[in-house]
Amino acid sequence: MIPSKRRGQRGMSMMEVLVAMLIFTVVFLVALGLYSVANRAYLRTDAATIQQQNVRFAMDRMAETLRDSGANYNTLGSAKVADEQIEGAWESAVFVRGDFNNKPDNALKSTTFPIVTISNDEIVGYVLRKPGGDGNNPISLTMKIDFSSPRDATLTGTTLAGEETATVKVAASDLAGQTNPPYQLARVTFDSAGAPKYEVVAEDVFRLSFSYLNSAGANAVTTVGGADADRALRAAVRQIDVTLIGQSSRPDPGYTDPNTYTPAEATATKNLRKLSLTQHIVPPNLGLKGKRHTSLPAITIQPPASLTVCIGHGYYFGLSWPASTSAGVTTYKVHVTAPAAGPDAAYVSTPDITVTGLSLDFKQPTTTARAYTFAVAASTPQADSVFTSSVTATQAENAKSIPSAPANVLGAANPTGDYNNVVTWDAVTTNTLAITDSTCTSSATGSAPPTSPWNITPIDLSYYEVFRVRSTGSNNGAFTIPGTTRVDNQTIGSLVNTTPTGEFSAGNNSRGSFTDHTAAPCTPYFYRVQAWDLSSVSSQGSPAMTAAFSWDLQPTSVVPDAPGGSLGRAAAVTGTTTSSAGNYNVTISWPAVVQTSTGVPASTAHYQVDRYRKVAPASTYSLDLAGIDVYELTTYSDVVPTTVSGNAATYQYYVRALYDCASSRTSLAAGPYTATCTPAGAMTISYPSTGSTITRPDVTSFAPTLSVSGSGWTSATVTITGPSPSTTAVYSQTFTGSPSGSTYTFPTFNMANATTYPDGVYTVSAMASVGACNTPAQTSTFTVQTVICGLQLAATPVFPSTNGASAYTSMTFQIQNTCTVTSFTFNSLKFTWSGADASEYISSIQFGSTTVATLASTTTGGNGKTITLSPAQTIAGGATSSTITLNFSGSTSGSNNGNFTDNANKSGVPGKFGSIIANETLPAAAADELINGSPVP
């Protein structure tokens, strides 16, 4: 048996249970935390492991394919094979071909191609795609590939035939389009029909890019896609850089990617870990193809011993070299390269330049100054030598490369009989100074002078500019250029001149020539010519001509056409007329005459204007001024009085074209243009009912009107300036078209805007027009002023001394007029309140001792009703106090608040009755008061 004391100690007390549970909870939480940390570490490590396996496997797969690209692709060594080692090269996609299975495809061979080593499934590409098929991959990559069985595509020189179009659908073709990762890296091959087949190589791809390099490895080859026009650029690729970035499939909550990408990384992938791998791949087979074996021993050709490159002519390099010492050398090959600079891509001479002599004038293809590198090799029908040591030079402006001035400028008639002047001069064949060896660089020790005559000839001559001036009899051919009319690029109507080119040709001493189609027959001209080179450096102008040259028309019956042609001459002369200071300001114009009266092309340099005048009350015009000469212009301006001896005058203008030959050669007259400008009628400015004084805030809008009398008005111009004395225009508007009912209405102005329209005096200026004729300006003024009104408490309201349930029948208070006017008249009040008993109402109102309103019930005098005063009351200015008494009827208990406002029913003076707010308890203590509210704006 267990003693009773021990029986009482069996089990655990409540305290012991709680302590044990607490200890267990702490241990459990610690274990849970350790598990959570360990689990996150496991997941991160697992994700990183999967990511690395994914990216490394994908990179190894691509590198293996690219490294073997081009292998055994043209076993025949035939120039007719249309296949390419690299079929497509995009920034984020590449397609190559190679004999990856090391066996021929007999099903594809033909008579033309008896050996075919590359099947359709050995044309391999790597691209980025999205899951879900072509519908989720909207970008199309296209290439020209021979998929025929047997192969039938051929290449003849640069002409391709027989290739089919391959289309591959991808999610992105460049880095800029990779904004929605993750992507799948897909390996693409083609079936027997040329349809693409996709194999997913890796998931969770973040970015993919390829860079294509030439044999030097330093000059990037432009990303050229798959177009046939870019075959030569793809053929130049010798090295490929591959960058592949993978991302983890699960986010890491405690991680933020610190790297910066282009294009910028989206927020959604910022907490995904990335792994970037880059490989530089040099495929050994690129650029190689099969070649026929020969039993002849190798031939070693000696290159030129040195190369000299000279500069000094804009954009031209002078290359020279000694002859190769090897026998049988017939030509030389020059290889030229230049790095990318400014807007220009890198330059490579493809193919190399073939030269039969020992020198080359190389013109750089762009205007960008950059370093060009040259090398030369000797060539025989059997083999080429290596290229000599390269020479690098940069073309620069050189003071010696200045063309000599053209000489012996002469004029002659056009032998075709088209009435054009033909200007000739001695072709420019030299520069002003010879270029010396200081501008030359040699691959051998020291430098050599440039090859003669390259040192003095203007190889960079570009074009000639031709200038002329009409002989007036007192001037001569030594006119200044520029500053005189340049005519080689001139166009007058259908007559078009063309700038003569000036490209230099060795041994060409023929004369330069220019046909001046815009020169007028019978008009004597002096000509000067200026030469320009490619660097926009000009020669001095040619010496002055000893005598002016003109083309004399034969026979004498040849006359110029009328301005506008014989059928259109009535309306050919147009113009504008304005009036000022008692005169007409007339400007007329007419079309240039570009043919004779029989339609043969010919210009005209001389026009004559005849002016006729009609003075009221005469009804006909008479000749006022004849033969106003105008040379080489088709406009004329004139100022004539609007009245003669106090009578209105009107003018007409006619224009004739002339040939300045020995006999009179005058066309029919064109016109007339009638110059008349006789403003009539009246014009007034009026204002709305507010008058010419706008008082704010009582008036907030303002719309004046302009009224004109008479007929035919076409427009009106209105300007508002102010406030006085300012002349700044705050409004300007031109109204076009005839007014409605002889009235132009201004827009409504918001005069409540004191910032735009401050107080002061404004001036309105208006002018109406008939065509180009204007009335004298009409002016008027209006004034803007601001008036602020309100009621100011003059004393504390007086209430009866009784409170509680005692009767409360009236309330009295004094007010003052605070307006800027001397008095203010109002005819209504409004009183509203809220309280325990809404049946209380105003029974009457007293203004001083006069009852101004008697109200019988709540219908007319209760809460919130407008109360009409009879008669209307006036509150004088000057701080005069007036007493208003409100008498109440109905219930007198409860809490009430009153609000008095003017209802805008006023007369006598402008202004605004402000608001008075009563914070009132009825019945109320004597200490209660009325307080003034803000004026109503």
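Residues numbered from 1 in each chain as written. Predicted model: local features only at pLDDT ≥ 70, side-chain atom pairs only at ≥ 80, totals over all residues. Heavy atoms only, no water.

## Considering the overall build of the chain
Within the chain, the regular secondary structure consists of five helices and 58 strands. In the chain, the proportion of contacts linking residues at least 24 apart, taken out of those at least 6 apart, comes to 69%. (Helix = DSSP H or I, 4+ residues; strand = E, 2+ residues; numbered from the N terminus. Contact = heavy atoms within 4.5 Å.)

## Focus: the pattern of salt bridges
Going through the model one piece at a time under the given rule, you end up with 19 salt bridges. Measuring nitrogen to oxygen at the nearest pair gives 2.6 Å for the salt bridge that ties Arg511 to Asp426. One end of the pair, Arg511, is in strand S26 (residues 511–516); the other, Asp426, is in strand S21 (residues 421–426), and 85 residues separate them in sequence. By relative accessible area, which is 32% here, Arg511 ends up partly exposed. We note a salt bridge from Arg656 to Asp610, for which the minimum N-O separation is 2.9 Å. Here Arg656, found in strand S34 (residues 647–659), pairs with Asp610, found in strand S30 (residues 606–615); they are 46 residues apart in sequence, far enough to count as distant. Judged by relative accessible area, which is 16%, Arg656 ranks as buried. For Asp610, a relative accessible area of 8% corresponds to the buried category. (Salt bridge = Lys/Arg side-chain N within 4 Å of Asp/Glu carboxyl O. Buried < 20%, exposed > 50% of the residue type's maximum accessible area, 1.4 Å probe, protein only.)

## Considering the pairing of strand S19 (residues 391–394)
Of the two faces of S19, only one is covered, namely that formed by Val391 and Ala393; the face formed by Thr392 and Thr394 stays uncovered. The sheet contact formed by strand S18 (residues 371–379) and S19 spans four bridges and is antiparallel. Directly across from Thr373, in S19, lies its bridge partner Thr392. (Pairing = 2+ DSSP bridges.)

## A closer look at the sheet that holds strand S11 (residues 274–281)
An order of S1-S2-S3-S8-S9-S10-S11 is seen for the seven strands of this open sheet, with the pairing classed as antiparallel. One side of each edge strand has no neighbouring strand; the edge strands of this open sheet are strand S1 (86–90) and S11. Each strand axis lies, on average, 35 degrees off the axis of its neighbour in the sheet, ignoring direction. When strand S10 (residues 239–247) meets S11, the two strands line up antiparallel, connected through eight bridges. Residue pairing for S11: Val242 is matched across the bridge by Gln279. (Axes fitted to C-alpha atoms, helices over the stretch in contact; angles between N-to-C directions.)

## Description of unusual backbone geometry
In the segment running from Ala616 into Pro617, the intervening peptide bond is cis, with an omega of 10 degrees. The step from Gly671 to Pro672 runs through a cis peptide bond, and the omega angle for that step is 10 degrees. The topology assignment puts Pro672 in strand S36 (residues 670–675). You will see that Tyr315, though not glycine, has its phi angle at about 70 degrees, which is positive. Note on placement: Tyr315 falls in the loop between strand S12 (308–313) and strand S13 (316–320). Accessibility expressed as a relative area gives 17% for Tyr315, which makes it buried.

## Points about the side chain of Asp561
With respect to the helices and strands, the residue Asp561 is situated in the loop between strand S27 (525–533) and helix H4 (565–568). The buried charged residue Asp561 lacks any salt bridge partner; its closest oppositely charged side chain belongs to Arg569, at an N-O distance of 7.7 Å. Setting aside its immediate chain neighbours within four residues, Asp561 contacts Ser566, Val593, Gln595, Thr596, Ser597, Ala657 and Ser667. (Lys, Arg positive; Asp, Glu negative; His and termini not counted.)

## Concerning the confidence of the model for the chain
Looking at the chain, the pLDDT average stands at 80 and 80% of residues meet or exceed 70. In the model, residues 798–807 has pLDDT below 50 throughout and makes 21 contacts with residues more than four positions away in sequence or in other chains. Confidence drops under a pLDDT of 50 for residues 892–937, and excluding neighbours within four residues, the segment shows 140 contacts in the predicted structure. (pLDDT = per-residue confidence, 0-100.)

## Focus: the packing of aromatic side chains
By the definition in use, this model includes 20 aromatic pairs. Geometry around Tyr198 places Arg129 over its ring, the cationic atom sitting 3.7 Å from the centre. (Phe/Tyr/Trp six-rings, centres within 6.5 Å; stacked < 30°, edge-to-face > 60°. Lys NZ or Arg CZ within 6 Å of the ring centre and 35° of its normal.)

## As for the state of the cysteines
Under the criterion given, the structure shown has two disulfides. For Cys310, the disulfide goes to Cys440, at an S-S distance of 2.0 Å. Its S-S torsion of approximately 105 degrees makes the covalent link between Cys310 and Cys440 right-handed. In this pair, Cys310 sits in strand S12 while Cys440 sits in strand S22 (residues 440–442), placing the two residues 130 residues apart along the sequence. Here Cys522 engages in a disulfide with Cys661; their sulfurs sit 1.6 Å apart. Taking the torsion about the sulfur-sulfur bond, which here is approximately 70 degrees, the covalent link between Cys522 and Cys661 counts as right-handed. (Disulfide = S-S within 2.5 Å.)

## Focus: the side chain of Arg665
Examined against the element boundaries, Arg665 turns out to sit in strand S35 (residues 665–666). At a separation of 2.9 Å, a polar atom in the side chain of Arg665 contacts the main-chain carbonyl oxygen of Val558. Setting aside residues no more than four positions away along its own chain, Arg665 makes contact with Leu553, Pro555, Thr556, Val558, Val559, Pro560, Ala657, Leu658 and Tyr659. (Polar contact = N/O pair within 3.5 Å; in protein donor to acceptor, adjacent residues only side chain to side chain.)

## So, the sheet that holds S21
Pairing is antiparallel across the open sheet formed by three strands, whose spatial order is S20-S21-S26. Among the strands making up the open sheet, the edge pair consists of strand S20 (407–413) and S26. Averaged over all adjacent pairs, the angle separating strand axes in this sheet is 20 degrees, with direction ignored.

## Topic: the environment of Thr278
Relative to the helices and strands, Thr278 is located in strand S11. Among the polar contacts listed, one links the side chain of Thr278 to the side chain of Thr243, at a separation of 3.4 Å.

## Side note on the environment of Tyr463
Considering the arrangement of structural elements, one finds Tyr463 in strand S23 (residues 461–470). It is 5.5 Å that separates the C-alpha atoms of Tyr463 and Trp532, two residues lying 69 residues apart in sequence.

## Some words on the pairing of S21
Within S21, five of the six residues are buried, leaving the element largely enclosed by the surrounding structure. Relative to S21, S20 is paired through five bridges, and the arrangement is antiparallel. Bridging from a neighbouring strand, Ala413 pairs with Asn421 of S21. As paired strands, S21 and S26 are joined by six bridges and run antiparallel to one another. Paired with Asp426 across the two strands is Arg511, which belongs to S26.

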